[in-house]
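Descriptive structure summary
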Amino acid sequence: MMHGYMVFDKGGELLVPFRTWRNTITEPASEQLTELFQYHIPQRWSIAHLDQCILNGDEHVAKIDYLVTLAGYIHWQLTGERVLGVGEASGMFPIDIATGDYNQQMIDRFDQRISEKGYAWKLRDILPKVLSAGDAAGNLTEEGAKKLDVSGKLQAGIPVCPPEGDAGTGMVATNSVAVRTGNVSAGTSVFGMVVMEKELSKVYEEIDLVTTPTGNLVGMVHCNNCTSDLNAWVNLFKEFAESFGMKVDMNELFGTLYKKALEGDKNCGGLLAYNYFSGEHVTKFEEGRPLFVRKPDSNFNLANFMRVHLMASLSVLKTGLNLMLKQEGVKVDKMLGHGGLFKTKGVGQSILAAAIDAPVFVMETAGEGGAWGIALLASYMVHKEDGESLDGYLNNKVFAGQEGTKMDPDPADVKGFDEFLKTYAAGLPIERAAVDHMA
């Protein structure tokens with residue numbers, strides 16, 4: 001889980017409850033900081049949460065000694081080190097690609113802007129130190145070992161790599177850290193990332209600029225919602241089956257229902273769904289209401305029902321990626337999919353290929369996600385040779401030419417998704433009405 005807002009006082013006490021990427025409560029701060037920096041600051045970034053607390057006049061801000069994300073907090077508890085990997089840090093505050101550190105000019109602007117508040121801290125003082133992949137990031141302490149293993153068998157002293165969130169680990173897990181590679185992580189939330197050759201021509205509120213774990217510039221479209229609503233419907237089918245006394249294997253149930261979607265109409269037969277458990281900044285929703293809608297003459301069957309929820313899970317992502325890939329002309333030679341959406345072979349992959357109208361690769365490790373990625377980053381720190389880059393290490397020693405299974409987009413699927421997206425965009429006022437009238 002990347003991003004978020006965790007703040008601690010000098011005694012290490014948490015000052016306010018942890019806020020996640022889904023706490024879309026920072027729109028005023030996001031807009032003001034974007035104007036101040038001339039750089040898009042998403043609502044979920046740590047600096048937006050901090051600034052919103054300042055705008056709100058929250059008393060705890062004066063007591064802050066440390067501001068960090070969940071990944072950095074866990075690392076701090078295990079090692080005592082207040083550090084972050086650069087990819088994770090780029091979701092806290094903008095990174096200067098030339099230095100691989102926080103953008104000092106923007107830090108100075110922020111400090112100047114809040115100087116009249118009289119806080120005892122400066123921004124850099126309360127942020128974690130930025131490290132790159134391969135850097136030493138401390139060792140497991142005695143206290144950290146006890147937190148992981150109360151039996152006392154786990155020994156202190158184990159080296160620990162810089163902590164990264166699911167964006168950075170996802171890039172590593174899919175071997176997409178090199179320029180002109182991209183990946184889509186699809187689980188509870190969904191995001192698409194492309195390692196870019198150059199800066200975008202202008203600021204887009206739909207596109208975030210973050211970095212790889214080695215500090216290369218990445219264009220990112222992040223959506224708060226992906227499979228939560230889809231999973232809820234699958235669980236409903238599980239409950240139905242169990243009501244008839246059937247024993248349900250969840251992997252088989254997911255696989256059966258996902259594959260059924262491939263039999264549906266390419267445009268979902270007139271069905272419409274919104275998977276908004278929470279707000280979506282790309283479509284300008286501060287809250288969400290999961291919603292399924294159909295017309296009396298829609299082709300309402302199981303195949304279309306499953307297909308519409310799969311396509312809805314990627315529709316906001318498609319909206320943002322269209323800006324980056326089509327309007328800005330960002331080049332991507334290879335897009336890799338990973339996360340729970342891709343566990344059923346060929347289904348999520350084909351839907352994603354239709355959404356981005358480009359080939360999608362899925363590796364055997366596609367369902368492993370962040371745990372696999374951070375393990376590879378730890379391996380790189382320990383085993384890299386002098387001068388060996390992260391992408392070189394992954395290519396030569398981990399993946400060794402394995403590209404995974406490639407699926408090209410079906411032109412009929414692409415056309416159907418484009419038709420569905422028009423219906424999806426036209427129906428957004430329905431979702432707005434649900435938010436406004438279902439308190």
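Our structure is the block above this text.
Rules and cut-offs
Residues numbered from 1 in each chain as written. Predicted model: local features only at pLDDT ≥ 70, side-chain atom pairs only at ≥ 80, totals over all residues. Heavy atoms only, no water. Core = buried A, V, L, I, M, F, W, Y, C linked by side-chain atoms within 4.5 Å. Buried < 20%, exposed > 50% of the residue type's maximum accessible area, 1.4 Å probe, protein only. Helix = DSSP H or I, 4+ residues; strand = E, 2+ residues; numbered from the N terminus. Contact = heavy atoms within 4.5 Å. Pairing = 2+ DSSP bridges. Axes fitted to C-alpha atoms, helices over the stretch in contact; angles between N-to-C directions. Phe/Tyr/Trp six-rings, centres within 6.5 Å; stacked < 30°, edge-to-face > 60°. Lys NZ or Arg CZ within 6 Å of the ring centre and 35° of its normal.

With that settled, the discussion passes to the nonpolar core. The biggest cluster of nonpolar side chains holds 118 residues, and the ones touching the most others in it are Ile47, Leu50, Phe110, Trp121, Leu123, Leu317 and Tyr424. The dominant element in this core, judged by the number of residues it contributes, is helix α11 (residues 302-327), at twelve residues. The residues touching Trp121, leaving out its near neighbours within four places in the chain, are Leu50, Ile54, Val61, Ala62, Ile64, Phe110, Ile114 and Ile126. Core analysis: the next-biggest nonpolar cluster, separate from the first, contains five residues, Met6, Phe8, Val68 and Trp76 among them.

In any sheet, the strands associate via hydrogen bonds between backbone groups, in a parallel or an antiparallel arrangement. Read across the open sheet, the seven strands follow the order β9-β10-β8-β7-β13-β14-β15; overall the sheet is mixed. Each edge of the sheet is formed by a strand with only one pairing partner; in this case those strands are β9 (208-211) and β15 (405-407). Neighbour-to-neighbour, the strand axes of the sheet open up by a mean angle of 30°, direction not taken into account. Of the pairings in the sheet, the one linking strand β8 (residues 190-195) to strand β10 (residues 217-223) comprises six bridges and is antiparallel in character. Within β10, the position partnered with Val190 by the bridge is Cys223.

Below, the discussion takes up the packing of aromatic side chains. Applying the stated criterion to the full structure yields 20 aromatic pairs. Centroid distance Phe93 to Tyr102: 6.2 Å. Interplanar angle 85°. Geometry classified as edge-to-face. For Phe93, a relative accessible area of 0% corresponds to the buried category. Through pairs of rings, three or more aromatic residues link up here, namely Tyr274, Tyr276, Phe285, Phe417, Phe420 and Tyr424. Note that Lys318 overlies the ring of Phe417, its terminal NZ or CZ placed 5.5 Å from the centroid. Taking the ring centre of Phe361 as reference, the NZ or CZ of Lys334 above it sits at 4.8 Å.

Fair warning: the whole summary comes from geometry, so function is off the table for now.
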